[in-house]
Amino acid sequence: MDPDAALRALPSTETLTIIDIAQPFLNPSQPDNNQDGKRNSNASDLSSSNNTSPSLLAADLAHYRDLFTKLRFSYVEQVTKERFLKTITDKEPEFVESSENAELEERLRGDKAALKERKQEVANLLKELEDQSRSLAQRNENVRLKTTQLETLPSEITNLERIITDLQSAAQPKSSNPLLNLPLQPTIELLEKREQESADLDAKIEALRAALPGKRKQVERLRDELTPMQARKVKTVQEAQEARRRREDGGAGVRGMSWRRRGGG
């Protein structure tokens, strides 16, 4: 598959903001591809931003939370004023009995408990959305980095192919020794085998070196035992030579005596 075609097939990563995410909920009747619709200045500024880091999303969230808090306070204040003015301007003032107040207080306690429960649910939902937004922001950043790497990959491959071609053309002629012409994996295996043999020889040499003092002592002991034996050998040889000389001398005397006897007769 062509790398350029693969890059073009990747989904485009658009800049996301809180306004962009919330737009389908704020304007459900407005289509997404409406080019004539205009947003307010704050939404336009946020949508034109190219930074989608978690810090910017957190700042946007804090900003809109502050705005919604102020809006809620203004709404409660306005509704309270409206009810107060309506009450004092009615022709027939509305009187409330204590039982109705008690019933209203009981209803308010139930509403407050339900509201507290809903607030907790909303807080949990916001926490989950925050975790998901951070995860999505990290995944979006990873996709951008990988896209950048993929864009530079074809040029790197071309450069590596050119380097391989240059190295092959500049390589020396093959040696007559077949061991020097092996591929990489057999060469590595042969090197490991030679290293193992060298390690075995080193172990044997160390064992012989360790046994060398004992061998030297044994040689010294044998040498000490051999010295008296050599002295006895020398003495025995000398005695044998002396006995031979005596035999020879004794034989010569006997032949002279017999010759003199034959001459006299």
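On a predicted model such as this, the values are computed, not experimentally measured, just so you know.

Regarding the overall build of the protein chain
Broken down by element type, the protein chain carries six helices and zero strands. Starting at the N terminus and ending at the C terminus, the protein chain contains elements arranged as α-α-α-α-α-α. The proportion of buried residues among the 265 residues of the protein chain is 5%. Residue pairs in contact within the protein chain that sit at least 24 positions apart in sequence constitute 67% of those at least 6 positions apart. Of the roughly 23800 Å² of accessible surface on the protein chain, 57% is carried by carbon and sulfur atoms.

Focus on the pattern of salt bridges
Tallied over the entire structure, the rule returns 14 salt bridges. Linking Lys-81 and Glu-77 is a salt bridge whose minimum nitrogen-to-oxygen distance equals 3.5 Å. Note that Lys-81 and Glu-77 are positioned in helix α4 (residues 54-89) at a spacing of four residues, about one turn of the helix. We classify Lys-81 as partly exposed; its relative accessible area is 46%. Between Arg-246 and Glu-242 there is a salt bridge, and its shortest N-O distance comes to 3.4 Å. Here Glu-242 and Arg-246 lie together in helix α6 (residues 184-264), a separation of four residues that amounts to about one turn. Residue Glu-242 is classed as partly exposed on the basis of its relative accessible area of 28%. What emerges from the salt-bridge pattern is a single network uniting Glu-242, Arg-245 and Arg-246.

With respect to the UniProt feature "coiled-coil region" (unreviewed entry) in the protein chain
Sequence positions flagged by UniProt for "coiled-coil region" (unreviewed entry) are, in local numbering, residues 101-146 and 191-225. For residues 191-225, the helix share is 100%, the strand share is 0%, and the end-to-end C-alpha distance is 49 Å.

So, the packing of aromatic side chains
The tally for this structure, following the rule as stated, stands at one aromatic pair. Each ring, one from Tyr-64 and one from Phe-68, has its centre 6.5 Å from the other, and the planes form 35 degrees; the classification is tilted. Here Tyr-64 and its partner Phe-68 are both found in helix α4, four residues apart, which amounts to about one turn of the helix. According to the relative accessible area criterion, Phe-68 is exposed, its value standing at 56%.

Describing the confidence of the model for the protein chain
Confidence in the prediction for the protein chain averages 77 pLDDT; 71% of positions are at 70 or higher. The least confident element of the protein chain is helix α3 (residues 41-47), whose mean pLDDT is 46; the most confident is helix α5 (residues 98-169), at 89. Long-range and interchain partners of residues 31-50, a stretch whose pLDDT sits below 50, account for 19 contacts in this model, where long-range means more than four residues apart.

Here's the deal with α5
Here α5 spans 104 Å end to end across 72 residues, near enough to the 106 Å set by a 1.5 Å rise per residue. The sharpest bend along α5 reaches about 35 degrees and sits at Leu-153, with the proline Pro-154 one to four residues further on.

Reading the values: the criteria
- Residues numbered from 1 in each chain as written.
- Predicted model: local features only at pLDDT ≥ 70, side-chain atom pairs only at ≥ 80, totals over all residues.
- Heavy atoms only, no water.
- Helix = DSSP H or I, 4+ residues; strand = E, 2+ residues; numbered from the N terminus.
- Buried < 20%, exposed > 50% of the residue type's maximum accessible area, 1.4 Å probe, protein only.
- Contact = heavy atoms within 4.5 Å.
- Areas by Shrake-Rupley, 256 points an atom, 1.4 Å probe, with all protein chains shown as cover.
- Salt bridge = Lys/Arg side-chain N within 4 Å of Asp/Glu carboxyl O.
- UniProt positions renumbered as here; feature names shortened; annotations may be inferred.
- Phe/Tyr/Trp six-rings, centres within 6.5 Å; stacked < 30°, edge-to-face > 60°.
- pLDDT = per-residue confidence, 0-100.
- Expected span 1.5 Å × (residues − 1).
- Bend = angle between axes of the 7 residues up to and from the residue.

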